[in-house]
There are 2 protein chains.
Amino acid sequence: MSILVVGSVAFDSVKTPFGEREHILGGAAMYFSVAASFFSDVRLVGVVGDDFGPEHEAVFRERKIDISDLERIKGQRSFHWKGEYGFDLNIARTLDTQLNVFADFRPKLSDAARAADYVFLANIQPQLQREVRQQVKPRIVAADTMNYWIENNRDDLLETLKGVDLLIINEAEARELARESNLIRAARRILLMGPARLVVKRGEYGAVMFSENSYFAIPAYPLEDVFDPTGAGDTFAGGLMGYLAASNASDEGTMRRAIIYGSVMASFNVEEFGCDRLRRLTYEEIDQRFKTIKTITQFADSDAPRRSISAGD
Amino acid sequence: MSILVVGSVAFDSVKTPFGEREHILGGAAMYFSVAASFFSDVRLVGVVGDDFGPEHEAVFRERKIDISDLERIKGQRSFHWKGEYGFDLNIARTLDTQLNVFADFRPKLSDAARAADYVFLANIQPQLQREVRQQVKPRIVAADTMNYWIENNRDDLLETLKGVDLLIINEAEARELARESNLIRAARRILLMGPARLVVKRGEYGAVMFSENSYFAIPAYPLEDVFDPTGAGDTFAGGLMGYLAASNASDEGTMRRAIIYGSVMASFNVEEFGCDRLRRLTYEEIDQRFKTIKTITQFADSDAPRRSISAGD
């Protein structure tokens, strides 16, 4: 099955406590598609400027990601994000954002894009997500969003969510969207907004998935070295959707394994800058980490040993 | 097998967003022993004042907890803690601490106490924990501590840790003790300090356990209503140690199930003030939540579906 992702292809300048890199390939749609490409065909709709050169095309080409719908704007530059992380790698500090070509981005879908079976609406303006949604008839539409849209385009976002099957957001976004601090209650509210499933990304604490009748929780793969967390959430979504599309199923068991693959892909991504680690990732490595997550979460059934306490003893 | 717990029996005045209670029975050793009593015989060493009356004794008596080593000091009052929680129930704000009889607490162990097979050194001064440790020869010694001792009695604490098999602390304490922000690295350092196993409590994110060759992670039981988190950590330790003592084993599988029981007991405890919920808890309820945690963490084995990408395709 084929996947369509609509979102940003960008250049990032990133500084972490472990090093820095200037103008490396980034963007939600890039991270998503590279991760998903391990499992499924992927087509990307986005926009870049003149600074997107052959060496950047190569990243997509070597992963056989279809970028024929990636729009090129002459005489302009691509979206650029500059940020840094302190020792608490959960918190990114944005130093500069230049939207450039992304400021006027209106996704243009080819016939092939419209025919996709699985669609991921990466974090862009909810109105644009909805425009894409209206042009496709896939089996599953997944979406991401961010605090900015929750705060400033809430009505628009709520309208978009009505057409989303699977919402993949982080914990702070879930609480803010639901206006509820308890995550279990927050999830219940969000499931009333449209999505049949909600996946909440919790960084080093793993991820949880909610549906009306099920709950699933996994820890993160235990990493001693987190180098650059940029793109972890989109890589997670890419692994998840890639596995779903490859399985072409959405039962609870498949969804659970999809989350594990998402988590595995994200765990690799944060080990190096940009998509460097994913570019040389092997299936053997993916299988190894899947097995490890299984191993670190298993335990045998048990009934509590009864201690007899009777009155008057 | 019998358990000895040494620590505080106290009175707490607690305010949460959901209500408040004055002078209710609390203290680490109380929460621990009530939880552990579901699985094993428990003997408590601690100290209280005149304000510890028959109604408080009844809590221990109905759970068949042996308090014959609970010292009573005439003319003085018991340890009293006053605190409140905001909507972020992870953070307790201490409004008042009156050590009272606890200021001069020197644990006095009877012969029966010295003969215990499992010992839990609740959070008290590391020097006192060590004095207790030197008087017992149990199969397993577990201990808790807190930021105050890590910051102010570090050398003392490190000396105590040499005689501890199982350290049960929260995440911030683990990072501070190890002086390392990455938890996986922090755990590795702590395991070099003495304990063969480290259990890290993460509140709503569950718990993780480390040994030299193993790692285990579980999510918390999903709760929509957390009413009063006071004593959750000690209840967790009580369920854990209670199950270990009942099983009289410490292999990886037993340890994993012990953590689940700890987590289950803590999940009940936070549903009401003080130990109210535990006092009317049934084994059927415990078994139910154990099964639920199993259900929400299970997923099938899988190998990544391979997508063929060959050069030049």
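The paragraphs below set out a description of the structure included in this document. (Residues numbered from 1 in each chain as written. Chains lettered and ligands numbered in written order. Predicted model: local features only at pLDDT ≥ 70, side-chain atom pairs only at ≥ 80, totals over all residues. Heavy atoms only, no water.)

### Some words on the relation of the copies chain A and chain B
Reasoning step 1: Take chain A, turn it by 180°, move it 0.0 Å along the axis, and it overlays chain B with an RMSD of 0.0 Å. Here the transformation between the copies is reduced to the relation of a two-fold axis. The C-alpha atom lying nearest the rotation axis in chain A is that of Y205(A); the distance is 3.2 Å.
Reasoning step 2: The residues that chain A uses at the interface reappear at the interface of chain B in 100% of cases, marking a shared surface. (Least-squares fit on C-alpha atoms with pLDDT ≥ 70 in both. Contact = heavy atoms within 4.5 Å.)

### What about unusual backbone geometry?
Reasoning step 1: Backbone geometry at K64(B) places phi at a positive 50°, although glycine is not the residue there.
Reasoning step 2: Along the chain, K64(B) falls in the loop between α2 (54-62) and β5 (65-66). (Helix = DSSP H or I, 4+ residues; strand = E, 2+ residues; numbered from the N terminus.)

### Let's talk about the pairing of strand β7 (residues 79-85) of chain B
Here is the key point about a regular strand: its side chains alternate between the two faces of the sheet.
Residue and element names in this part refer to chain B.
Reasoning step 1: Summarising burial for β7: 6 of the 7 residues are buried, a large majority.
Reasoning step 2: Bridge count for strand β2 (residues 10-16) against β7 is 6 bridges, and the pairing is parallel. By the bridge assignment for β7, F11 is matched with H80.
Reasoning step 3: Across 6 bridges, the pairing between β7 and strand β8 (residues 92-98) is antiparallel. Each bridged residue has a counterpart across the sheet, and for E84 the counterpart in β8 is R93.
Reasoning step 4: If you look at the hairpin formed by β7 and β8, you'll find 6 residues sitting between the two strands. (Buried < 20%, exposed > 50% of the residue type's maximum accessible area, 1.4 Å probe, protein only. Pairing = 2+ DSSP bridges.)

### A word on the interface of chain A and chain B
Reasoning step 1: Contacts between the two partners involve 56 residues from chain A, matched on the other side by 56 residues from chain B.
Reasoning step 2: Of the roughly 5,400 Å² buried at the junction of chain A and chain B (both faces included), carbon and sulfur atoms supply 48%.
Reasoning step 3: Broken down residue by residue, the surface that chain A buries against chain B is led by E224(A), F299(A) and R307(A), which jointly contribute 17%.
Reasoning step 4: Between chain A and chain B we count 18 salt bridges in total.
Reasoning step 5: The partner of R306(B) in a salt bridge is E284(A), with the nearest N and O atoms 3.6 Å apart.
Reasoning step 6: Counting across the interface, chain A meets chain B through 44 residue pairs in polar contact (both at pLDDT 80 or more).
Reasoning step 7: Elements with a contribution of two residues or more to the side of chain A that touches chain B: α7 (171-178), α8 (183-191), β14 (215-218), α9 (232-247), α10 (252-269) and α12 (283-295) of chain A.
Reasoning step 8: Partitioned by chemical class, the residues of the side of chain A that touches chain B number 25 nonpolar, 8 polar and 23 charged. (Buried area = accessible area lost by both parts, 1.4 Å probe. Salt bridge = Lys/Arg side-chain N within 4 Å of Asp/Glu carboxyl O. Polar contact = N/O pair within 3.5 Å; in protein donor to acceptor, adjacent residues only side chain to side chain. Nonpolar A, V, L, I, M, F, W, Y, C, P; charged D, E, K, R; others polar.)

### Describing the pattern of salt bridges
Reasoning step 1: If you walk through the whole model with that rule in mind, you get 61 salt bridges over all chains.
Reasoning step 2: Linking R93(B) and E84(B) is a salt bridge whose minimum nitrogen-to-oxygen distance equals 2.7 Å.
Reasoning step 3: A network of salt bridges, in which partner residues are shared, links E171(A), R175(A), R202(A) and E204(B).

### A few points about the packing of aromatic side chains
Reasoning step 1: Across all of its chains, the model carries 29 aromatic pairs over all chains by this definition.
Reasoning step 2: With a centroid separation of 6.0 Å and 75° between ring planes, the pair formed by F38(B) and Y283(B) is classed as edge-to-face. Of this pair, F38(B) sits in the loop between α1 (28-36) and β4 (41-48) while Y283(B) sits in helix α12 (residues 283-295), and the two are 245 residues apart along the sequence. Neither residue differs from the other here; F38(B) and Y283(B) are each classed as buried.
Reasoning step 3: Among the aromatic residues, those joined into a ring-pair cluster are F39(A), F216(A), Y243(A), Y261(A), F290(A) and F299(B).
Reasoning step 4: One residue, R63(A), lies across the ring of F38(A), its end atom 3.6 Å from the ring centre.
Reasoning step 5: R289(B) extends its terminal NZ or CZ atom over the ring of F268(B), reaching a point 3.8 Å from the ring centre. (Phe/Tyr/Trp six-rings, centres within 6.5 Å; stacked < 30°, edge-to-face > 60°. Lys NZ or Arg CZ within 6 Å of the ring centre and 35° of its normal.)

### What to know about α12(B)
Residues and elements named next belong to chain B.
Reasoning step 1: Over its 13 residues, α12 runs 18 Å from end to end, which matches the ideal 18 Å to within 8%, given 1.5 Å per residue.
Reasoning step 2: Taken together, the buried positions of α12 are occupied by Y283, I286, D287, R289, F290, I293 and K294. The buried residues of α12 occupy one face: seen down the axis, they fall within an arc of 165°. Of the exposed residues in α12, those oriented more than 90 degrees away from the buried face are E284 and Q288. (Expected span 1.5 Å × (residues − 1). Arc of directions from axis to C-beta.)

### A look at the sheet that holds strand β3 (residues 19-26) of chain A
Residues and elements named next belong to chain A.
Reasoning step 1: With mixed pairing, 4 strands are arranged side by side in an open sheet as β3-β2-β7-β8. The strands lining the two open edges of the sheet, one partner per strand, are β3 and β8 (92-98). Going across the sheet, the axis of each strand differs from the next one's by a mean of 15°, ignoring polarity. (Axes fitted to C-alpha atoms, helices over the stretch in contact; angles between N-to-C directions.)

### Some points on the sheet that holds strand β3 (residues 19-26) of chain B
Residues and elements named next belong to chain B.
Reasoning step 1: Judged by pairing direction, the sheet is mixed, and its 4 strands sit side by side in the order β3-β2-β7-β8 without closing on themselves. Looking at which strands have only one partner, the edges of the open sheet turn out to be β3 and β8. Strand-to-strand, the axes of this sheet are offset by a mean angle of 15°, without reference to chain direction.
Reasoning step 2: By the bridge criterion, 6 bridges tie β2 to β3 in an arrangement that is antiparallel. For K15, the partnering residue across the bridge sits in β3 and is E20.

### Focus on the environment of S8(B)
Residue and element names in this part refer to chain B.
Reasoning step 1: Inspection of the secondary structure assignment puts S8 in the loop between β1 (2-6) and β2.
Reasoning step 2: Placed 41 residues apart in sequence, S8 and G49 show a C-alpha to C-alpha distance of 12 Å.
Reasoning step 3: Beyond its immediate sequence surroundings of up to four residues, S8 is in contact with G26, G27, A28, A29, M30, F79 and F102.
Reasoning step 4: Among the polar contacts listed, one links the side chain of S8 to the backbone nitrogen of A28, at a separation of 3.0 Å.

### What about the environment of R279(A)?
Residues and elements named next belong to chain A.
Reasoning step 1: Turning to its location among the elements, R279 is positioned in helix α11 (residues 276-279).
Reasoning step 2: Between the alpha carbons of R279 and E22 there is a distance of 18 Å; along the sequence they are 257 residues apart.
Reasoning step 3: Non-local contacts of R279, meaning those with residues more than four positions away in its chain, are made with V59 and E62.
Reasoning step 4: Of note is the side chain of R279, whose polar atom sits 2.7 Å from the side chain of E62.

### Here's the deal with the side chain of E171(B)
Reasoning step 1: By the secondary structure assignment, E171(B) is in helix α7 (residues 171-178).
Reasoning step 2: A residue is classified by how much of its surface remains accessible, and E171(B), at 9% relative accessible area, is buried.
Reasoning step 3: In this structure the side chain of E171(B) is engaged in a polar contact, spanning 2.8 Å, whose partner is the side chain of Y205(A).
Reasoning step 4: Residues within four places of E171(B) in sequence aside, it is in contact with E204(A), Y205(A), L183(B), V200(B), K201(B) and R202(B).

Note that every value here comes from positions in space, so none of it alone points to a role or purpose.
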